[in-house]
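Structure at a glance
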Amino acid sequence: MNLESSRLLFRPISYRDTDVLLSILNDPRVAQYNDYGMCLSRDETKALIQWDLEQMYRGVGTRYAMLLKPCNTFVGTLGIYDHDKLSNTCHIGFELSSMYWGRGLMYEALDCLVQTIQHGNTLFHGNLVISAKVARNNTRCVQLLNRLQFYLVESQDADKSDHHHYQLRIKCNSLTLA
């Protein structure tokens, strides 16, 4: 699935992105919201990328490096995970370097992804449910997902969790290529 927006290019993550991804994930402003923990090592970051590559090879997900045009500066990632073709569900995850917060880049990236899934030539079909897990204290991300029409999913253990779960239901207009 090829993605490009007005300000961003997307390409599959690779091992050459290890150091810049490590820098973003270990930024305290970013790390406080992710579920990877603080102070990841280079080896742990490579293992995350390995998992992403395995998802891609199995055809159930892809993590994209987000590159800011025109210099192709790596600013974050956007991933689709655990695509289940039987239940037609998938999960998304994303992180953006704090140096680029407040510029609308993540909205642009997620909107591009949703529009491509919904109207593009992808492996998605029919009624798809996209899920996202968000740290309760990440108010900017909650606002972002609400702006994109995601809705909060209540769960029995919601009071015990440090995260909220959001979903977006969309109708995909493309046919399955598989």
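Up top is the structure these notes are about.
Residues numbered from 1 in each chain as written. Predicted model: local features only at pLDDT ≥ 70, side-chain atom pairs only at ≥ 80, totals over all residues. Heavy atoms only, no water.

Here we take up the overall build of the protein. Looking only at helices and strands, the protein has five helices and seven strands in total. Starting at the N terminus and ending at the C terminus, the protein contains elements arranged as β-α-α-α-β-β-β-α-β-α-β-β. A globule of 178 residues ought to have a C-alpha radius of gyration of about 16 Å, and the protein, at 16 Å, matches this closely. Each principal axis of the C-alpha distribution contributes one length, and for the protein these read about 40 × 40 × 30 Å. In the protein, which comprises 178 residues, the share counted as buried stands at 50%. (Helix = DSSP H or I, 4+ residues; strand = E, 2+ residues; numbered from the N terminus. Rg over C-alpha atoms; globule rule 2.2 N^0.38 Å. Buried < 20%, exposed > 50% of the residue type's maximum accessible area, 1.4 Å probe, protein only.)

Turning next to the packing of aromatic side chains. In this structure the tally under the stated criterion is two aromatic pairs. Aromatic side chains Phe-10 and Tyr-64 sit 6.4 Å apart centroid to centroid with 85° between the ring planes, which places their arrangement in the edge-to-face category. Taken together, the residues Phe-10 in strand β1 (residues 8-12) and Tyr-64 in strand β2 (residues 62-68) connect sequence positions 54 residues apart. The ring of Tyr-107 is capped by Arg-147, whose NZ or CZ atom sits 3.7 Å from the centre of that ring. (Phe/Tyr/Trp six-rings, centres within 6.5 Å; stacked < 30°, edge-to-face > 60°. Lys NZ or Arg CZ within 6 Å of the ring centre and 35° of its normal.)

We now examine the layout of surface pockets. Here the largest pocket defines a volume of roughly 1000 Å³. As for the largest pocket, its lining consists of 40 residues, of which Gly-93, Phe-94, Glu-95, Asn-138 and Cys-141 are closest to the centre. Of all elements in the fold, only α2 (28-31), α3 (42-58), β3 (73-84), β4 (89-96), α4 (105-119), β5 (126-135), α5 (139-147) and β7 (163-172) reach the threshold of two or more residues within the lining of the largest pocket. Residue contributions to the lining of the largest pocket peak at six residues, all from β4. Considering only residue class, the lining of the largest pocket consists of 20 nonpolar, ten polar and ten charged. (1 Å grid on protein atoms, 1.4 Å probe; cavity = no way out; pocket = protein on both sides within 12 Å on 5 of 7 lines; lining within 4 Å. Points joined across faces, edges and corners; volume = space filled by probe spheres on them. Nonpolar A, V, L, I, M, F, W, Y, C, P; charged D, E, K, R; others polar.)

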